[in-house]
Amino acid sequence: MAKVYRGTGRRKASVAQVKMTAGTGKITVNGRDVRDFFPYETLVMDLKQPLVATNNENTFDIEVKVTGGGSSGQTGAIRLGIARALLQYDASNEDNDDSYRKILKRAGFITRDSRVKERKKPGLKAARRAPQFSKR
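Quick caveat, the model's predicted, so the values are computed rather than measured. (Residues numbered from 1 in each chain as written. Predicted model: local features only at pLDDT ≥ 70, side-chain atom pairs only at ≥ 80, totals over all residues. Heavy atoms only, no water.)

Participant: Just checking my understanding: could you explain the side chain of Asn-56 for this structure?
Facilitator: Mapped onto the elements, Asn-56 comes out in the loop between α3 (49-53) and β5 (60-67). Engagement of the side chain of Asn-56 in a polar contact is seen with the side chain of Thr-54, the distance being 3.1 Å. Ignoring sequence-local partners within four residues, the contact set of Asn-56 consists of Leu-51, Leu-86 and Tyr-100. (Helix = DSSP H or I, 4+ residues; strand = E, 2+ residues; numbered from the N terminus. Polar contact = N/O pair within 3.5 Å; in protein donor to acceptor, adjacent residues only side chain to side chain. Contact = heavy atoms within 4.5 Å.)

Participant: Where do I start with the pairing of strand β2 (residues 14-22) in this structure?
Facilitator: Residues in a regular strand point their side chains to alternate faces of the sheet. One ladder, built from seven bridges, connects strand β1 (residues 5-11) with β2; its direction is antiparallel. Residue pairing in the sheet places Gly-7 in a bridge with Val-18 of β2. Hairpin connection between β1 and β2: a loop of two residues separates the two successive antiparallel strands, and Lys-12 in this loop has a positive phi of roughly 55 degrees. By the bridge criterion, eight bridges tie β2 to β5 in an arrangement that is antiparallel. Each residue of the ladder has a partner; that of Ala-16, found in β5, is Val-66. (Pairing = 2+ DSSP bridges.)

Participant: Quick question: what am I supposed to make of the packing of aromatic side chains here?
Facilitator: Taken as a whole and judged by the stated rule, the model has four aromatic pairs. When the centroid spacing of 5.3 Å and the interplanar angle of 85 degrees are considered together, the rings of Tyr-5 and Tyr-89 count as edge-to-face. You can see Tyr-5 sitting in strand β1 and its partner Tyr-89 sitting in helix α4 (residues 71-89), a full 84 residues away along the chain. What makes Tyr-89 partly exposed here is its relative accessible area of 35%. Look at Phe-37 and Phe-38: their rings are 5.0 Å apart centre to centre, the planes differ by 85 degrees, and that puts the pair in the edge-to-face class. The residues Phe-37 and Phe-38 share a single accessibility class, namely buried. Through a chain of ring-to-ring contacts, three or more aromatic side chains come together here, namely Tyr-5, Phe-60, Tyr-89 and Tyr-100. (Phe/Tyr/Trp six-rings, centres within 6.5 Å; stacked < 30°, edge-to-face > 60°. Buried < 20%, exposed > 50% of the residue type's maximum accessible area, 1.4 Å probe, protein only.)

Participant: Mind showing me how you'd approach the environment of Ala-91 here?
Facilitator: For Ala-91, the location among the structural elements is in the loop between α4 and α5 (100-107). Linking Ala-91 and Gly-76, residues 15 residues apart in sequence, is a C-alpha distance of 23 Å.

Participant: Mind showing me how you'd approach the nonpolar core here?
Facilitator: Here is a general trend for soluble globular proteins: nonpolar side chains tend to be buried in one another's company. If you look at the biggest cluster of nonpolar residues, it comprises 28 residues, and the most contacted ones within it are Val-29, Phe-38 and Ile-62. Within the residue set of this core, elements represented by two or more residues are β2, β3 (27-29), α1 (34-37), α2 (41-47), β5, α4 and α5. Per-element accounting of this core gives the leading share, seven residues, to α4. Setting aside anything within four residues of it in sequence, one finds Val-29 in contact with Val-34, Phe-37, Phe-38, Val-64, Val-66 and Ile-78. (Core = buried A, V, L, I, M, F, W, Y, C linked by side-chain atoms within 4.5 Å.)

In short, geometric facts, not functional conclusions.
Set out below in structure tokens:
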């Protein structure tokens, strides 16, 4: 049986569980093809960035389970999950200059983007937006 590499990615309200196995470059998200699941090609390009940076576009088959959030957050979560799975795959090569860790870190794919929506406060229309002031 082929070795399975796993990575978990999170972004905004989304959580993605990525399973990576040796294959031909097929990406499945929640049982559907990635191009069927995400409405825009830019989202698909965004989640493939770690694979492109490490020249592994056609090396692995990737199966993803993603929940929560919208399409943009889910894409970011999948991208982080793929990057973490690639690090697991390349764990023995970490000290070299051509290691995946150095490539992915330089591109900014290892860092978890912690920005989330700020909560709405009482008396305001949104997180910081106050109601319009009326003099009379």
